[in-house]
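Residue-level structure breakdown
So you can see what is in the structure, the chains are spelled out below.
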Amino acid sequence: MRVLFGLAQIPRSLAADDPRLPALDLGPEMLRLNTQAVPVSDWGADVASHAGRRAAMLAWLQAQAGDYNNALRRRIAAYFDAVDADIAAHAAEISAALARFDGLYAVQDRFWSAPRPLIRAWWQEGAGAWQRAELAFWDGARLTADAPPSCGFWREAELPCSPFRHPFPPTPPEAD
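The structure contained in this document is the topic of the report that follows. Quantities reported herein were computed from a predicted structural model and do not represent experimental measurements.

A few points about helix α1 (residues 50-63)
The end-to-end C-alpha separation of α1 is 20 Å, in line with the 20 Å expected for 14 residues at 1.5 Å each. For α1, every residue scored as buried is listed here: His50, Gly52, Arg53, Arg54, Ala56, Met57, Leu58, Trp60, Leu61 and Gln62. The inward-facing, buried residues of α1 contact α2 (70-89) and β3 (118-124).

Written out as structure tokens, the structure reads:
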């Protein structure tokens, strides 16, 4: 299923499959904060620390809410706070699961495994009419407008992975 996001309305002059539109093709896996890399241009100044990366991700998602939708911006921030609280409440369990990596990962690294909100999401079910949600989450099977912060997301992800990664350069063609 293709989901458009960050749009107040669907542009009439572009087809829904136009690659210029912000969109994700959803598959059988949960959409997580680390599924899509944050564009380097949106990283901000302090991505060396978890707090800096969290702030950059929050700003990137909040920018998708539009300039004047402060209520949606507050909902996104509240979701991040709920994820932080969920991780803090399960810190011992998360720490025990990460112990085998001998300090490579910290408990807070599991933040990036949380479900990613799709801001101002638009999708079609089958060939039906467009559906819209200010905040939507993909669990691997369906879109929902209910924030799922206490879903044990850290148990299902294999390894913590950051959304702050550089894209791989294209592979050069092989010489003849």
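What about the packing of aromatic side chains?
Applying the stated rule across the entire model yields 8 aromatic pairs. Arranged with centres 5.1 Å apart and planes meeting at 85°, the rings of Phe101 and Tyr105 form a pair that is edge-to-face. A centroid spacing of 5.1 Å and a plane angle of 80° characterise the contact between Phe153 and Trp154, whose relative ring orientation is edge-to-face. Residue classification places Phe153 among the buried residues on the basis of a relative accessible area of 0%. In this structure, Arg116 packs its charged tip against the face of Phe5, placed 5.0 Å from the ring centre.

Re the nonpolar core
By size, the foremost hydrophobic cluster in this structure holds 26 residues, and its most contacted members are Leu33, Met57, Leu61, Ile76 and Phe80. At 6 residues, α2 tops the list of elements feeding residues into this core. Phe80 has contacts with Leu33, Arg54, Met57, Leu58, Leu61 and Phe111, leaving out every residue within four places of it along the chain. One finds Phe5, Leu24, Leu31 and Ala121 within the second-largest nonpolar core, a separate group that totals 12 residues.

A look at the sheet that holds strand β2 (residues 23-25)
Spatially, the 5 strands line up as an open sheet ordered β2-β1-β3-β4-β5, and their pairing is antiparallel. Among the strands making up the open sheet, the edge pair consists of β2 and β5 (143-144). Here strand β1 (residues 2-4) pairs with β3 via 2 bridges, running antiparallel. Across the sheet, the residue bridging to Val3 is Trp123, located in β3. Along the sheet, α2 makes contact with β3 and β4 (130-138), crossing β4 at roughly 30°.

Section: the pattern of salt bridges
Counted by the stated rule, this structure contains 7 salt bridges. Between Arg32 and Glu156 there is a salt bridge, with its nearest N and O atoms 3.5 Å apart. Of this pair, Arg32 sits in the loop between β2 and α1 while Glu156 is found in helix α4 (residues 153-156), placing the two residues 124 residues apart along the sequence. Salt bridges here are not isolated pairs; linked through shared partners, they connect Arg54, Asp81 and Asp84.

Looking at the packing of α1 against α2
Where α1 contacts α2, the two axes come as close as 9 Å, and the packing angle between them is 145°. Like other packed secondary-structure pairs, α1 and α2 cross with a definite hand, here right-handed. Of α2, the residues touching α1 (which contributes Arg54, Met57, Leu58, Leu61, Gln62 and Ala63) are Arg73, Ile76, Ala77, Phe80, Asp81 and Asp84. A breakdown of the residues in the contact of α1 with α2 according to their chemical character gives 7 nonpolar, 1 polar and 4 charged.

Remarks on unusual backbone geometry
The backbone phi angle of Asp102 is positive, close to 50°, even though this residue is not glycine. With respect to the secondary-structure elements, Asp102 resides in the loop between α3 (91-98) and β3. A relative accessible area of 72% places Asp102 in the exposed class. Of note, Arg120 is a non-glycine position whose phi angle comes to about 45°, a positive value. Relative to the assigned elements, Arg120 resides in strand β3.

Reading guide: rules and limits
- Residues numbered from 1 in each chain as written.
- Predicted model: local features only at pLDDT ≥ 70, side-chain atom pairs only at ≥ 80, totals over all residues.
- Heavy atoms only, no water.
- Helix = DSSP H or I, 4+ residues; strand = E, 2+ residues; numbered from the N terminus.
- Expected span 1.5 Å × (residues − 1).
- Buried < 20%, exposed > 50% of the residue type's maximum accessible area, 1.4 Å probe, protein only.
- Contact = heavy atoms within 4.5 Å.
- Phe/Tyr/Trp six-rings, centres within 6.5 Å; stacked < 30°, edge-to-face > 60°.
- Lys NZ or Arg CZ within 6 Å of the ring centre and 35° of its normal.
- Core = buried A, V, L, I, M, F, W, Y, C linked by side-chain atoms within 4.5 Å.
- Pairing = 2+ DSSP bridges.
- Axes fitted to C-alpha atoms, helices over the stretch in contact; angles between N-to-C directions.
- Salt bridge = Lys/Arg side-chain N within 4 Å of Asp/Glu carboxyl O.
- Left-handed = near helix turned anticlockwise from the far one by under 90°.
- Nonpolar A, V, L, I, M, F, W, Y, C, P; charged D, E, K, R; others polar.

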